[in-house]
Amino acid sequence: MYILGIETSCDETGCSIVEDGRIIHSNVIASSLKDHAKYGGVIPEIASRRQLEFINIVVQESLSQAGLRWTDIDAFSVTSHPGLIGSLLVGISFAQGLSLALNKPLILIDHIKAHLYANFLTFKGQKQEIPDLPCIGLVVSGGHSNIYQIKDFKNFKLLGQSRDDAVGEAFDKVAKILELGYPGGPLIDKLAKQSKGQRIPLKCAAFPDSFDFSFSGIKTAVLYYLKAHSHDPDFNKADLAFSFQESIIEVITRKTIDACLKTKNKAIVIGGGVAANSCLRHHLTEEAKTRGIKVFFPPMILCTDNAAMVAGLAYYFKSDRVTE
Ligand code: KG4
Ligand code: ZN
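This write-up is about the structure you can find in this document. Owing to the predicted nature of the structure, the values given are computational and were not obtained by experimental measurement. (Residues numbered from 1 in each chain as written. Chains lettered and ligands numbered in written order. Predicted model: local features only at pLDDT ≥ 70, side-chain atom pairs only at ≥ 80, totals over all residues. Heavy atoms only, no water.)

### What to know about the packing of aromatic side chains
Applying the stated criterion to the full structure yields ten aromatic pairs. Linked through ring pairs, Tyr117, Phe120, Phe153, Tyr315 and Tyr316 together constitute an aromatic cluster. The lysine or arginine in question, arginine 163, covers the ring of phenylalanine 207, its NZ or CZ lying 3.8 Å from the ring centre. (Phe/Tyr/Trp six-rings, centres within 6.5 Å; stacked < 30°, edge-to-face > 60°. Lys NZ or Arg CZ within 6 Å of the ring centre and 35° of its normal.)

This is the structure we're talking about:
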């Protein structure tokens, strides 16, 4: 079964064709990221206009790269929520049009759960270890920081979430405070590597006995530290980036491992843009290994927004079609 998926929840326009929920035949992504950089964040109006410009080209390219024809497609899927309303509208309208014109079902997909599903995909011709279910899922993106127990692909139990900023949002805001640019996550990741490990005491709220997070306070702590110390002779911006990143990654690692141990799961799957963070990849993998837990990160291209995750997850909802 070939499902053509469309993703337009934010500033990426994606289209992908996935066979039987597993094998990626094409994965095309266009992005308006550069248009937002000078504003230090995504401008919804610009994002939705770019979606409109890209969508047709991206969908045609995806079909052509897969070497398939419209008649080969068995169903369509699209991200229905959460996301920027104008951007979502472009993808949903386009997918609805395809579904009606070709008389094939349309399946609506939750973007957050799709991020976790990226761990269960394989590119055509490649081999990849697929995690066993049930497992723990950690979504760390620009909009969400959630821990789930995934019993099966229709059964995600929310165990914890951020009570304020999402982790990617905190990275982006701190990068703005440090005048690094946008998007901030990769820039902080890179700058932190220049630190010799001089730790500045910065803490995230702990919320004992809960798997919830808070990333807003530490962002303010970075701002106050910078105001008080930026003229000190030994001030080093890299140490501040390093300390912020370490504190955030420590709390994410600890809570995710605790959730896994408490629910007696043996594997953790990660999704979302912050899954590209080198410190998270290292810490979580090392900490999990000592406890006999396996950790799965999607390949980099499937960490950030893409449509393969939307086409893949839709396979499990193929009977829940929305055609009207
Ligand atoms: O999942 P995503 O592409 O879009 C959303 O659905 O939000 O995630 C984007 C977020 C941005 O906040 C970006 O700064 C962050 O992922 N990000 C990173 C890294 N690469 C991207 N954060 C930390 N370290 C990275 N290497
Ligand atoms: Zn996303």
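### Some thoughts on the site of ligand 1
Lining the immediate environment of ligand 1, one finds 20 residues, of which Gly142, Asp172, Asp189, Gly273 and Asn277 sit closest. For ligand 1, a nitrogen atom lies 3.0 Å from a polar atom in the side chain of asparagine 277. Its free accessible area being 560 Å², ligand 1 has 87% of it covered by the protein chains. Counting atoms within 2 Å of the grid points, the majority share of ligand 1 lands in the largest pocket. At the level of elements, α4 (111-117), α5 (167-177) and α6 (184-192) are the ones that each hand at least two residues to the shell around ligand 1. With four residues, α6 is the single largest residue contributor to the shell around ligand 1. In terms of residue class, the shell around ligand 1 is made up of five nonpolar, twelve polar and three charged. A domain-level breakdown of the shell around ligand 1 finds at least three residues from each of domain 1 (2-121 + 303-317) and domain 2 (135-297). (Near = heavy atom within 4 Å. Polar contact = N/O pair within 3.5 Å; in protein donor to acceptor, adjacent residues only side chain to side chain. Areas by Shrake-Rupley, 256 points an atom, 1.4 Å probe, with all protein chains shown as cover. 1 Å grid on protein atoms, 1.4 Å probe; cavity = no way out; pocket = protein on both sides within 12 Å on 5 of 7 lines; lining within 4 Å. Sits in = over half its atoms within 2 Å of the grid points. Helix = DSSP H or I, 4+ residues; strand = E, 2+ residues; numbered from the N terminus. Nonpolar A, V, L, I, M, F, W, Y, C, P; charged D, E, K, R; others polar. Domains from an automatic or database assignment.)

### Brief notes about the side chain of threonine 8
By the element assignment, threonine 8 lies in the loop between β1 (2-7) and β2 (12-19). What makes threonine 8 buried here is its relative accessible area of 0%. From its side chain, threonine 8 meets the backbone nitrogen of glycine 91 in a polar contact 3.1 Å long. Sequence-distant contacts of threonine 8, that is, excluding residues within four places in its chain, are made with Thr13, Gln51, Ile55, Ser87, Leu88, Val90 and Gly91. (Buried < 20%, exposed > 50% of the residue type's maximum accessible area, 1.4 Å probe, protein only. Contact = heavy atoms within 4.5 Å.)

### Focus on the layout of surface pockets
The space that makes up the largest pocket amounts to roughly 1,100 Å³. Taken together, 39 residues line the largest pocket, and the ones lying closest to its centre are Ser141, Gly142, Gly143, Asp172 and Tyr182. A total of six residues in the lining of the largest pocket trace back to one element, the largest contributor, which is α5. Across the lining of the largest pocket, the residue classes tally to 15 nonpolar, 16 polar and eight charged. Counting the residues that make up the lining of the largest pocket, at least three belong to each of domain 1 (2-121 + 303-317) and domain 2 (135-297). (Points joined across faces, edges and corners; volume = space filled by probe spheres on them.)

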